[in-house]
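Listed below, chain by chain, are the residues.
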Amino acid sequence: MQNGQTAGGLYQLVNLFSGGALLQVSIFALGIMPYITASIIVQLLRVVIPRFQQLYEEGASGQSKLTQYTRYLTIALGLLNATTLISLARSGQLLPGCALPIIPDDSVITTILLIITLTAGTGLIMWMGELVTEKGVGNGMSLLIFTSIAATFPTSLGAIWSSQGPGTFFMVLGIGLLTVALVVFVEQSQRRVPVQYAKRMIGRRTVGGTSTYIPIKVNMAGVIPVIFASSMLYLPGLISQFNQPKAGEPLQPWVEWINNNLTRGDHPIYMALYFAMIVFFTYFYVAITFNPEEVSDNMKKYGGFIPGIRAGKPTADYLQYVLSRITLPGALYLGFVALIPLVALVLINANQNFPFGGTSILIMVGVGLETVKQIDAQLQQRHYEGLLR
């Protein structure tokens, strides 16, 4: 591990979601990443495949079917990821620069056994996550990721103390606290679009006449744009790895450019591309997940309207206008938070052990806030008045 170049790109991301298991080459090396990818794919397919959208609108029965599709896709992606990981390990490209063989026995039976074991590890994590969702509080997958990230903090901070000294250690803690405060502030920020419902007579009862609002969060996309951008930026490095010249042959110019500019996280071109892709994917994901026309139609159906805006298309246009304006600060904030560990590498040379990475803080704060809300909701349902005061 010390000889291998595992500092940048998708290494950090996959290692983050597997709780450090990837670089320990453990049974859970793939971690929760295949499930996250499968969930995102199924969510995006709702836009492309009408049947998926119908299932989503059917309620609990349709969504259970979508969950079943997500499980099948997770196993398929687990097999694909495991095969890629094993092939990279066998060829020595998983840890470039390390001459020691990761898999000493590369027979067919051993390779198949390794692929099945890694896929089974992903399946077991998926089952455990769903069990926590069903029997516990909050989303099980999110809590598993939260635990895997939190588990690496003491080791990372201890390594910074021993290698960089107490000065850098306290500087990293200060940066971490400021980052957490910024993330909490933005994650809780929302634009509240006021909505009024007209009074209607249903039978002998008067329904409506209430005022409410549509909460549009500043960061509606969560951490997904960062995952997309990291995955896309890992591809050029992967392509260049498979196009290395044979002994005695010169390196192709485009491969050399990729090796110089897109494989190191501290390079300005890498940082600029990373930031631009995060902004792009934030707009892309928000456009897919929030449909102003659907929200406008639902409001019109139940007699709701935004004060000063006509129902129907003007409402949809207004919501689209608000969404496009509020997504910009959200996208810039995501890019800024994601660049924190890369900037830390340049300024204090602590990136190898820097625990307050943008992705990890976003996930931890998001899951923490959501879990607190879930616990509050559970307490309110059971009327534990003494605990709520």
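Please refer to the structure higher up on the page.
Bear in mind the structure is a predicted one, so any value in this text is a computation, not a measurement.

Visitor: Break down the layout of surface pockets for me, with residues and values.
Guide: Empty space within the largest pocket amounts to approximately 2,000 Å³. Gln43, Asn139, Ser142, Ile224 and Tyr285 are the residues nearest the centre of the largest pocket, which is lined by 50 residues in total. Taken together, the residues of the lining of the largest pocket break down into 25 nonpolar, 18 polar and seven charged.

Visitor: Residues and numbers for the packing of aromatic side chains, please.
Guide: Applying the stated criterion to the full structure yields eight aromatic pairs. Centre to centre, the rings of Phe52 and Tyr69 are 5.6 Å apart; their planes meet at 20 degrees, and the pair counts as stacked. In this pair, Phe52 sits in helix α3 (residues 50–57) while Tyr69 sits in helix α4 (residues 60–91), placing the two residues 17 residues apart along the sequence. Owing to a relative accessible area of 13%, Phe52 belongs among the buried residues under this scheme.

Visitor: Could you give an account of the nonpolar core, naming the residues involved and the relevant values?
Guide: For soluble globular proteins, nonpolar side chains are generally found buried alongside one another. Core analysis: the biggest nonpolar cluster contains 53 residues, and Ile216, Val226, Tyr274 and Leu362 have the highest contact counts within it. With ten residues, helix α13 (residues 313–347) is the largest single contributor of residues to this core. Apart from residues lying up to four places away in sequence, Ile216 is in contact with Gln190, Arg191, Val193, Leu319, Val322, Leu323 and Ile326.

Visitor: Can you lay out the packing of α3 against α4 for me, pointing to particular residues and giving the numbers?
Guide: Two elements in contact, α3 and α4, have axes separated by 6 Å at closest approach and are oriented at 130 degrees. In this view, α3 runs oblique relative to α4, as classed from their interaxial angle. On α4, the residues that touch Arg51, Phe52, Leu55 and Tyr56 of α3 are Gly62, Gln63, Lys65, Leu66 and Tyr69. Partitioned by chemical class, the residues of the contact of α3 with α4 number five nonpolar, two polar and two charged.

Visitor: Give me the pattern of salt bridges: which residues, what numbers.
Guide: Taken as a whole, this structure holds two salt bridges when the rule is applied. For the salt bridge of Glu130 with Arg71, the shortest nitrogen-to-oxygen distance reads 2.9 Å. Here Glu130 is found in helix α5 (residues 108–135), whereas its partner Arg71 is found in helix α4, with 59 residues between them in sequence. For Lys313, the salt bridge goes to Asp317, with nearest N and O atoms at 3.0 Å.

Visitor: Run through the environment of Ala316, naming residues and quoting values.
Guide: Looking at the element boundaries, Ala316 is found in helix α13. The exposure class of Ala316 is buried, given its relative accessible area of 7%. Once the C-alpha coordinates of Ala316 and Glu294 are considered, the two residues, 22 residues apart in sequence, prove to be 8.2 Å apart. Contacts of Ala316, omitting those with residues within four sequence positions, involve Pro292, Glu293 and Ser296.

Visitor: Describe in detail the sheet that holds strand β4 (residues 211–217), supporting the description with residues and values.
Guide: The strands making up a sheet associate through backbone hydrogen bonding, with each pair oriented either parallel or antiparallel. Taken in spatial order, the three strands make up an open sheet running β4-β1-β5, and their pairing is antiparallel. On the outer flanks of this sheet lie β4 and β5 (304–305), each paired with one strand and no other. Judged from the seven bridges that link them, strand β1 (residues 190–197) and β4 form a sheet pairing that is antiparallel. Each residue of the ladder has a partner; that of Arg192, found in β4, is Pro215.

Visitor: Describe a negative patch on the surface, naming the residues involved and giving the relevant values.
Guide: Together, Glu57, Glu58, Glu293, Glu294 and Asp297 make up a negatively charged patch on the protein surface. Counting through the fold element by element, Glu57 comes out in helix α3.

Visitor: Run through a nonpolar patch on the surface, naming residues and quoting values.
Guide: A contiguous nonpolar patch, built from Ile27, Phe28, Leu124, Trp127, Met128 and Leu131 and spanning about 550 Å² of accessible area, is present on the exposed surface. Examined against the element boundaries, Leu124 turns out to sit in helix α5.

Visitor: How would you sum up helix α2 (residues 33–48)? Please name residues and give values.
Guide: An α-helix turns once every 3.6 residues. As a result, residues three or four positions apart point the same way. Spanning 16 residues, α2 covers 23 Å between terminal C-alpha atoms, matching the ideal 22 Å at 1.5 Å per step. Of all the residues in α2, the buried ones are Met33, Pro34, Tyr35, Ile36, Ala38, Ile40, Val42 and Arg46.

Visitor: Give me the packing of α4 against α5: which residues, what numbers.
Guide: Where α4 contacts α5, the two axes come as close as 9 Å, and the packing angle between them is 145 degrees. For the element pair α4 and α5, the recorded crossing hand is right-handed. Two secondary-structure elements touch here, α4 through Thr67, Arg71, Thr74, Ile75, Gly78, Leu79, Ala82, Thr83, Leu85, Ile86 and Arg90 and α5 through Thr111, Leu114, Ile115, Leu118, Thr119, Thr122, Gly123, Met126 and Glu130. Within the contact of α4 with α5, the residues separate by chemical class into nine nonpolar, eight polar and three charged.

Visitor: Explain the side chain of Thr327 residue by residue, including any values.
Guide: Mapping Thr327 onto the fold places it in helix α13. Taking the relative accessible area as the measure of exposure, Thr327 reaches 5% and is therefore buried. Among the polar contacts made by the side chain of Thr327, one reaches the main-chain carbonyl oxygen of Leu323 at a distance of 2.5 Å. Residues in contact with Thr327, not counting those within four places in the same chain, are Thr282, Tyr283 and Val286.

Visitor: Let's hear about the pairing of β1: which residues, and what values?
Guide: Along any regular strand the residues' side chains alternate between the sheet's two faces. Of the strand pairs in this sheet, β1 and β5 are connected by two bridges, and their pairing is antiparallel. Bridging across to β5, Tyr197 finds its partner in Gly304.

Calculation rules
- Counting of residues starts from 1 at the beginning of each chain's written sequence and follows it residue by residue.
- Under the rules for a predicted model, residues below a pLDDT of 70 receive no local features and side-chain atom pairs below 80 are neither given nor counted, while totals for whole chains, interfaces and linings still include all residues.
- Hydrogens and water molecules were not included; the side-chain quantities draw on all heavy atoms of the structure.
- A pocket here means an open set of points on a 1 Å grid, computed over the protein atoms alone, that has protein on both sides within 12 Å along at least five of seven lines. A cavity is instead a set of points where a 1.4 Å probe fits but cannot get out; residues with an atom within 4 Å of a point line either one.
- Grid points are joined across faces, edges and corners, and a volume is the space filled by probe spheres set on the points.
- Gly counts as polar in this scheme, as do all residues outside two lists: the nonpolar Ala, Val, Leu, Ile, Met, Phe, Trp, Tyr, Cys and Pro, and the charged Asp, Glu, Lys and Arg.
- Centres within 6.5 Å are what make two rings of Phe, Tyr or Trp a pair, Trp counting through its six-membered ring; a difference in plane orientation under 30 degrees is then read as stacked, over 60 as edge-to-face, and the rest as tilted.
- Helix numbering and strand numbering both begin at the N terminus, where a helix is a DSSP run of H or I of at least 4 residues and a strand a DSSP run of E of at least 2.
- For every residue, the accessible area (1.4 Å probe, protein chains only) is compared with the maximum for its type, and the residue is labelled buried under 20%, exposed over 50%, or partly exposed between those bounds.
- Grouping buried Ala, Val, Leu, Ile, Met, Phe, Trp, Tyr and Cys residues that are joined through side-chain atoms within 4.5 Å yields what is termed a nonpolar core.
- In this description, contact between two residues means that some pair of their heavy atoms is separated by no more than 4.5 Å.
- Angles run from 0 to 180 degrees between N-to-C directions of axes, and those axes are lines fitted to C-alpha atoms, restricted for helices to the stretch in contact.
- Working definition: roughly parallel below 35 degrees, roughly antiparallel above 145 degrees, roughly perpendicular at 65 to 115 degrees, and oblique for all remaining angles.
- When a carboxyl oxygen of Asp or Glu is within 4 Å of a side-chain nitrogen of Lys or Arg, the pair counts as a salt bridge.
- Pairs of strands are assigned from DSSP output, requiring at least two bridges between the strands.
- Patch membership needs two things, relative accessible area over 30% and no salt bridge, and members are linked within 9 Å if like-charged or within 5 Å if nonpolar (Val, Leu, Ile, Met, Phe, Trp, Tyr).
- Accessible areas in this description were obtained via Shrake-Rupley with a 1.4 Å probe; residue shielding takes into account the shown protein chains only.
- Under this rule, positive means Lys or Arg and negative means Asp or Glu; His and the chain ends count for nothing.
- Here the site of a charge means NZ on Lys, CZ on Arg, CG on Asp, or CD on Glu.
- Under the convention used throughout, the expected extent of a helix is 1.5 Å for every residue step, that is, one less than its residue count.
- When the near helix sits turned anticlockwise from the far one by under a right angle, the crossing is termed left-handed; a clockwise turn instead gives a right-handed crossing.
- Any pair of N or O atoms that falls within 3.5 Å is considered a polar contact. Within protein, one atom must be able to donate a hydrogen and the other to accept it, and sequence-neighbouring residues count only if both atoms are side-chain atoms.

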